[in-house]
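Below, each chain spelled out in residue letters.
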Amino acid sequence: FLADRENISPITFHWHAGLTPRQSISDRFQLGAELLYSIKGFQENADFNVLNEMKTTLSPHYLSLPAMVYFTPNEKISLGAGINLGYLLDAQVKMGDDKNDVSSIYDQEFDVGLNLGFQFNVTPSLFLDARYQWGLTAVTDLTFTDENGFPIGEGALKNRVLQVSLGYFIIR
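Here the structure is a predicted model, which is why all the values come from computation and not from measurement.

Caption draft 1: Representation of the overall build of the chain. Within the chain, the regular secondary structure consists of zero helices and 14 strands. N-terminal to C-terminal, the α/β element order of the chain is β-β-β-β-β-β-β-β-β-β-β-β-β-β. Across the 172 residues that make up the chain, the buried fraction comes to 33%. At a minimum sequence separation of 6, the contacts of the chain that also span at least 24 residues come to 57%. When the accessible surface of the chain is split by element, carbon and sulfur atoms take 60% of a total near 10,900 Å².

Caption draft 2: Looking closely at the side chain of T137. Tracing the backbone shows T137 in the loop between β11 (126–135) and β12 (140–145). Among all residues touching T137, those that are not within four sequence positions of it are Q108, F110, D111, V112, L157 and K158.

Caption draft 3: Spatial organisation of the nonpolar core. F42, L58, Y62, L88, A91, V93, V102, Y106 and V139 together form the largest nonpolar core, which totals nine residues. When contributions to this core are tallied by element, the ones reaching two or more residues are β7 (53–71) and β8 (77–95). Among the elements that take part in this core, β8 stands out by supplying three residues, more than any other. Setting aside residues no more than four positions away along its own chain, V139 makes contact with Y62, Y106, D107, Q108, D111, L157 and N159.

Caption draft 4: How the structure looks around the layout of surface pockets. Here the second largest pocket is characterised by a volume of approximately 660 Å³. As for the second largest pocket, its lining consists of 27 residues, and the residues nearest its centre are T20, P21, F127, Y168 and F169. Listing elements by their share of the lining of the second largest pocket, those giving two or more residues are β2 (16–19), β3 (22–24), β11 and β14 (160–168). Ranked by residue count, the leading element in the lining of the second largest pocket is β14, at six residues. Here the residues of the lining of the second largest pocket are counted per class, giving 12 nonpolar, 10 polar and five charged.

Caption draft 5: Main features of the pairing of β11. Of the two faces of β11, only one is covered, namely that formed by F127, D129, R131, Q133 and G135; the face formed by L126, L128, A130, Y132 and W134 stays uncovered. As judged from the nine bridges shared by strand β10 (residues 110–121) and β11, these two strands associate in the antiparallel manner. Across the sheet, the residue bridging to N115 is Q133, located in β11. By the bridge criterion, nine bridges tie β11 to β14 in an arrangement that is antiparallel. For Y132, the partnering residue across the bridge sits in β14 and is L162.

Caption draft 6: Focus on empty space enclosed by the protein. With the rule as written, the count across this model stands at one cavity of 30 Å³ or more. Its volume calculated, the largest cavity comes out at about 50 Å³. What lines the largest cavity is simply L36, S38, K40, S64, P66, N84, N115, R131, Q133 and Q163. Listing elements by their share of the lining of the largest cavity, those giving two or more residues are β5 (35–39), β7 and β11. For the lining of the largest cavity, the per-class residue count stands at two nonpolar, six polar and two charged.

Caption draft 7: The pairing of β10, seen in detail. Residues D111, G113, N115, G117, Q119 and N121 of β10 are buried on one face, while the alternating residues F110, V112, L114, L116, F118 and F120, pointing to the opposite face, are not. Inspection of the sheet shows β8 paired to β10 by 11 bridges, in the antiparallel sense. The residue of β10 that forms the bridge with I83 is L114. Taking the residues that link successive antiparallel strands as the turn, the β10-β11 hairpin has four residues.

Rules used throughout
- Residues numbered from 1 in each chain as written.
- Predicted model: local features only at pLDDT ≥ 70, side-chain atom pairs only at ≥ 80, totals over all residues.
- Heavy atoms only, no water.
- Helix = DSSP H or I, 4+ residues; strand = E, 2+ residues; numbered from the N terminus.
- Buried < 20%, exposed > 50% of the residue type's maximum accessible area, 1.4 Å probe, protein only.
- Contact = heavy atoms within 4.5 Å.
- Areas by Shrake-Rupley, 256 points an atom, 1.4 Å probe, with all protein chains shown as cover.
- Core = buried A, V, L, I, M, F, W, Y, C linked by side-chain atoms within 4.5 Å.
- 1 Å grid on protein atoms, 1.4 Å probe; cavity = no way out; pocket = protein on both sides within 12 Å on 5 of 7 lines; lining within 4 Å.
- Points joined across faces, edges and corners; volume = space filled by probe spheres on them.
- Nonpolar A, V, L, I, M, F, W, Y, C, P; charged D, E, K, R; others polar.
- Pairing = 2+ DSSP bridges.

See the structure below:
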């Protein structure tokens, strides 16, 4: 894997969807066990010498189970923290117009991370949520090579995700 970290985009937009039931345990605290389908990944402008510069997008698809504890200081704001357990369903890489399955490059199908989040209740039923997931598990190990294919370093790929959601509470 020949990589130039300067070419990797820190921001890639993908979507997610799911269910977020909550249970109050006191006036200010709630527990949530969510079920989410999410696409993670990154973009890179790769230069493979022969092909010139080409936009490459890696998009792993996960089924995630975040378990969160929420602190609600008032009716409008909630702060959340918890653990995220994810299972890799599929991974696609798109290079130019070509799209290929690359699930086999992942050493781990399971992803474990920590979540920190902020929620703003626009109305009693409609909310905006922003959450950062800090991956703890190396989903794949990497070997970096020079242009001749000789190893020059090693690393691990861990998921780091900022999710922004618009949600609707069906039952409050």
